[in-house]
Amino acid sequence: MSTLKDIPVRYETQQAPARGNPLANVFDEFMNFCRSRSLFMLHYCTGCGAIELPPAMTSRFDMERLGIQPMVTPRQADILLVTGYVSVKTLKRVILTYEQMASPKYVIGICSCTVNGGMYWQSYATAKKLNDYLPVDVYIAGCMPRPEAVIEGLRKLQANIAAGTSDNWKDYYQRYDHYLANQQRLFGETWQTPTDVIGEAKRYGVIGPETEGEHTRLLGLHKAPLEPLRMTLNAGKLERME
Ligand code: SF4
């Protein structure tokens, strides 16, 4: 079973290494500050923890005063909020959603179930540690955490973004083979997504020693072109066309 030491929670704000040019540092700090105060959040309501989000967003706690507001599509979202236990089936959709988001992007795991499986730690049907499959920036533990805790977690993320240290999204590119290995272990070796993660890593310039490996090679073996799904209506029934 996982222990707390295994979980890379980054609660303390660290200072990012300064660049040589002082003007570049000022520009970076300004950009990071602006980015931390204008965040679109996609909340993937996987479990019961989602019920704490309406109070966190509405008048009493009013998350929008911090510069955070909900977003309905992954393409425009900065934060992926996973709000509770994640079943194996759901995790596939969570990974697809994460890969559709543009970088820099951040993941927050809400609820003890995302930390170590919580009360479902013995279940065959749930993923136990979210950070085995996606790079988690902040965990908010609790069963379920109150809106104050949700707000506090978001503020910690904002502080890390403003300090330029919340860069776990690079870890997904730099250690893609590691994340893919865990995904393949859970979903089977034919698991694939339509996203060209290695191509994105090259474009962002964040290739690492573990970007490619034996698991990404396996992905190449099974990579099949996406085919359109063609349906036809036959006697009032929808049928798949071959
Ligand atoms: S930690 Fe508790 S409230 Fe949250 S998803 Fe798990 S069982 Fe539900």
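Above this note sits the structure.
Now for a look at the structure at hand. (Residues numbered from 1 in each chain as written. Predicted model: local features only at pLDDT ≥ 70, side-chain atom pairs only at ≥ 80, totals over all residues.)

### Digging into the overall build of the protein
From N to C terminus, the protein includes nine helices and nine strands. Per-residue burial for the protein yields a buried fraction of 33% across its 242 residues. Counting contacts in the protein only where the partners sit at least 6 residues apart, residues at least 24 apart contribute 80% of the total. (Helix = DSSP H or I, 4+ residues; strand = E, 2+ residues; numbered from the N terminus. Buried ≥ 20, exposed ≤ 12 C-beta atoms within 10 Å, placed from the backbone. Contact = placed C-beta atoms within 7 Å.)

### Details of the site of the ligand
Surrounding the ligand, one finds G47, C48, G49, G84, Y85, C111, S112, C113, G118, M119, C143 and M144. Its residues assigned to classes, the shell around the ligand comprises seven nonpolar, five polar and no charged. (Near = placed C-beta within 6 Å. Nonpolar A, V, L, I, M, F, W, Y, C, P; charged D, E, K, R; others polar.)

### Some remarks on the environment of Y44
Take Y44: it is sitting in strand 1 (residues 39-44). Of the residues examined, Y44 has 20 C-beta atoms within 10 Å and is grouped as buried. Setting aside anything within four residues of it in sequence, one finds Y44 in contact with L80, L81, V82, T83, V94 and T97.

### Comments concerning the pairing of strand 3 (residues 79-83)
Taking burial as the measure, the five residues of strand 3 include five buried ones, the bulk of the element. Of the two faces of strand 3, the one carrying I79, L81 and T83 and the one carrying L80 and V82 are both buried. Sheet analysis places strand 1 next to strand 3, joined by four bridges and oriented parallel. Following the sheet pairing, M41 is matched in strand 3 by I79. Examined bridge by bridge, strand 3 and strand 5 (residues 106-110) share five bridges and lie parallel to one another. Bridging from a neighbouring strand, V82 pairs with G109 of strand 5. (Pairing = 2+ DSSP bridges.)

### Quick look at the sheet that holds strand 5
Note: strands within a sheet are paired through backbone hydrogen bonds, in either parallel or antiparallel orientation. Pairing is parallel in the open sheet, where five strands are placed in the order 2-1-3-5-7. Two strands lie at the open edges of the sheet, namely strand 2 (68-70) and strand 7 (138-140), each paired on one side alone. Shown here is a sheet whose adjacent strand axes are inclined to one another by a mean of 25 degrees, direction ignored. Taken strand by strand, helix 5 (residues 147-162) contacts strand 2, strand 5 and strand 7, and its axis lies near 170 degrees from that of strand 7. (Axes fitted to C-alpha atoms, helices over the stretch in contact; angles between N-to-C directions.)

### Quick notes on the packing of helix 7 (residues 176-187) against helix 9 (residues 214-222)
The contact between helix 7 and helix 9 brings their axes to 7 Å, and the two run at 65 degrees. Taking contact as the criterion, the partners of Y176, D177, L180, A181 and Q184 in helix 7 are, on helix 9, H215, T216, L218 and L219. Residues of the contact of helix 7 with helix 9, tallied by class, amount to five nonpolar, three polar and one charged.

### Observations regarding helix 3 (residues 88-100)
Between the first and last C-alpha of helix 3 there are 19 Å, a value that for 13 residues agrees with the 18 Å anticipated at 1.5 Å per step. Along helix 3, the residues that are buried comprise L91, V94, I95 and Y98. Buried residues of helix 3 fall within an arc of 100 degrees about the axis and therefore sit on the same side. Considering only its buried residues, helix 3 is in contact with strand 1, strand 3, strand 4 (86-87), strand 5, strand 6 (126-127) and helix 7. (Expected span 1.5 Å × (residues − 1). Arc of directions from axis to C-beta.)

### Focus on unusual backbone geometry
A cis amide bond links S103 to the next residue, P104, at an omega of 0 degrees. Mapping P104 onto the fold places it in the loop between helix 3 and strand 5. For the bond from C143 to M144, the omega torsion is -5 degrees, close enough to zero to count as cis. Here M144 shows up in the loop between strand 7 and helix 5. Positioned with a positive phi, D62 is a non-glycine residue whose angle comes to about 50 degrees. Here D62 is to be found in the loop between helix 2 (53-57) and strand 2. Non-glycine residue C111 carries a positive phi angle of around 90 degrees. With respect to the helices and strands, C111 occurs in the loop between strand 5 and helix 4 (112-116). When the 27 C-beta atoms within 10 Å are taken as the criterion, C111 is described as buried.

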